[in-house]
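# Coordinate analysis (summary)
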Amino acid sequence: MDLDDIAARLAVPVEEVERVHRLAADRPSAPLPAVTDAPALLDRLGVPPDDAAEIIAGWPTPEITAGRPGPEAIAGRPAPEASGWTPELRWLLDRSIALVRADLGGHGWLPPGPVLPRERGPAWRHLYAYAYLALVDVVLGYHRDHEVAEAVSWATLADLGRNLAIDRRMRGEGWPVMQSWLTLHVRGGLYQLGRLQHHRGDGAVELHIPDAGPLTPEAVADSLDQGRAFFPRHFPDESYREFVCGSWLLDPQLAEYLPAESNIVRFQRRFELEPYQPPEGLDPDVEVLRFVFRTLSTPLDRLPRRTALQRAVVDHLAAGRHWHWRRGRFPL
């Protein structure tokens, strides 16, 4: 099967298939865990029951992951073609795993493959979740090499479940971004340290704010203290001078609507903002809707107004104004 044929069968641009082929080359892939181990693993990764059931129902068997069509290894399960595991999808799973594994230790943005037509079934909908699961043991080994505590490893990797839950709530609108985001976790580029996620970079630790409860000053201070100790201990050859963050949460316009002592405004005060520049390839209004309401398709007048933040977002947009994506920093 040539790359043009693969792209046509996957219904994706051939340039994206060529990219996967080039970056994965003949590098090694990694096997998925046995399906019998899947329930415990998915539970440990925080995957909600509905998503776990779909993932297990479409779980690729050894014949599939080896790229060899053949009889099912598990009695009573549908044949690979019937379950959605076409030859081109098997190829993409194997090469996506290899692509991400080849950049183990990397911390840049890395799309694992093309956005797929997910309505074709669980195998298509969860292909990059299967790739993530295949890489769990790989990144755990990387963590052990750097003496990262097991509790930190599993707290970090459990972002898979959080993102699957968000995508289900968003009816599939969130996953194209999330599938690239999650490659940071399985390459050892990002760590959950308390309330914040800490992302290795070039001379700076990038902070990310997961949807994981109140952003209290105490929780933020504790997470920053953990980060200050974590990187010199586990990555002593890397030098970090400051924390940085890029987020709509740093938009000073929020202070027009929120109390001065709100958690968000107090978080903003930690940062010295860079001069404003419109971000390339990012619509801040879309990002605000994605994070605050977990929907991109609900009309403004139908969005909830239960919190001060929700009211601020709706009123700002309804007035014809726009939110900004701002970057800030402060010394580590």
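Parameters and conventions
- Residues numbered from 1 in each chain as written.
- Predicted model: local features only at pLDDT ≥ 70, side-chain atom pairs only at ≥ 80, totals over all residues.
- Heavy atoms only, no water.
- 1 Å grid on protein atoms, 1.4 Å probe; cavity = no way out; pocket = protein on both sides within 12 Å on 5 of 7 lines; lining within 4 Å.
- Points joined across faces, edges and corners; volume = space filled by probe spheres on them.
- Nonpolar A, V, L, I, M, F, W, Y, C, P; charged D, E, K, R; others polar.
- Helix = DSSP H or I, 4+ residues; strand = E, 2+ residues; numbered from the N terminus.
- Pairing = 2+ DSSP bridges.
- Phe/Tyr/Trp six-rings, centres within 6.5 Å; stacked < 30°, edge-to-face > 60°.
- Lys NZ or Arg CZ within 6 Å of the ring centre and 35° of its normal.
- Buried < 20%, exposed > 50% of the residue type's maximum accessible area, 1.4 Å probe, protein only.
- Right-handed = clockwise from strand over helix to strand, strands pointing away.
- Lys, Arg positive; Asp, Glu negative; His and termini not counted.
- Salt bridge = Lys/Arg side-chain N within 4 Å of Asp/Glu carboxyl O.
- Contact = heavy atoms within 4.5 Å.

## Points about the layout of surface pockets
Roughly 230 Å³ of volume is contained in the second largest pocket. Lining the second largest pocket we find 14 residues, and of these Arg-169, Phe-293, Arg-294, Thr-295 and Thr-298 sit closest to its centre. Partitioning the lining of the second largest pocket into residue classes produces four nonpolar, four polar and six charged.

## Thoughts on empty space enclosed by the protein
To find leftover empty space, a probe the size of one water molecule is rolled over the atoms. Applying the stated criterion across every chain, the model contains two cavities of 30 Å³ or more. Taken as a whole, the largest cavity holds about 90 Å³ of empty space. Along the wall of the largest cavity there are 13 residues; nearest its centre are Tyr-128, Tyr-132, Gln-179, Leu-182 and Thr-183. Of all the secondary structure elements, the ones that give two or more residues to the lining of the largest cavity are helix H8 (127-145) and helix H11 (175-181).

## Some details on the sheet that holds strand S3 (residues 204-208)
The sheet built from six strands is open, its strands ordered S1-S2-S3-S4-S6-S5 with mixed pairing. The open sheet has two edge strands, strand S1 (190-193) and strand S5 (272-273), and neither has a second partner. Bridge count for strand S2 (residues 196-199) against S3 is three bridges, and the pairing is antiparallel. Bridge assignment links His-199 to a residue of S3, and that residue is Glu-206.

## Observations regarding the packing of aromatic side chains
For the structure on display, the rule yields 13 aromatic pairs. Through pairs of rings, three or more aromatic residues link up here, namely Tyr-142, Tyr-191, Phe-230, Phe-231, Phe-235 and Tyr-240. Above the face of the Trp-124 ring, Arg-120 is positioned so that its terminal group lies 4.4 Å from the ring centre. One Lys or Arg, Arg-200, reaches over the ring of Phe-235 and ends 4.2 Å from the middle of that ring.

## Observations concerning the pairing of strand S4 (residues 242-247)
Among the six residues of S4, six are classified as buried, and the element is accordingly described as predominantly covered. Burial of the side chains of S4 extends over both faces: Glu-242, Val-244 and Gly-246 are buried on one face and Phe-243, Cys-245 and Ser-247 on the other. Pairing of S3 with S4 involves three bridges; the strand directions are parallel. Its bridge partner being in S4, Glu-206 is matched across the sheet by Val-244. Of the crossover connections in this fold, the one passing from S3 over helix H12 (residues 217-234) to the parallel S4 is right-handed. Across six bridges, the pairing between S4 and strand S6 (residues 326-331) is antiparallel. Looking at the pairing, Val-244 lines up with Arg-329 of S6.

## Examining the side chain of Asp-285
The residue Asp-285 is located in helix H14 (residues 284-293) in this model. Despite its burial, Asp-285 remains without a salt bridge, the nearest opposite charge being carried by Arg-321 at 9.8 Å. When near neighbours in sequence (up to four residues on either side) are disregarded, Asp-285 contacts Leu-317, His-322 and Trp-323.

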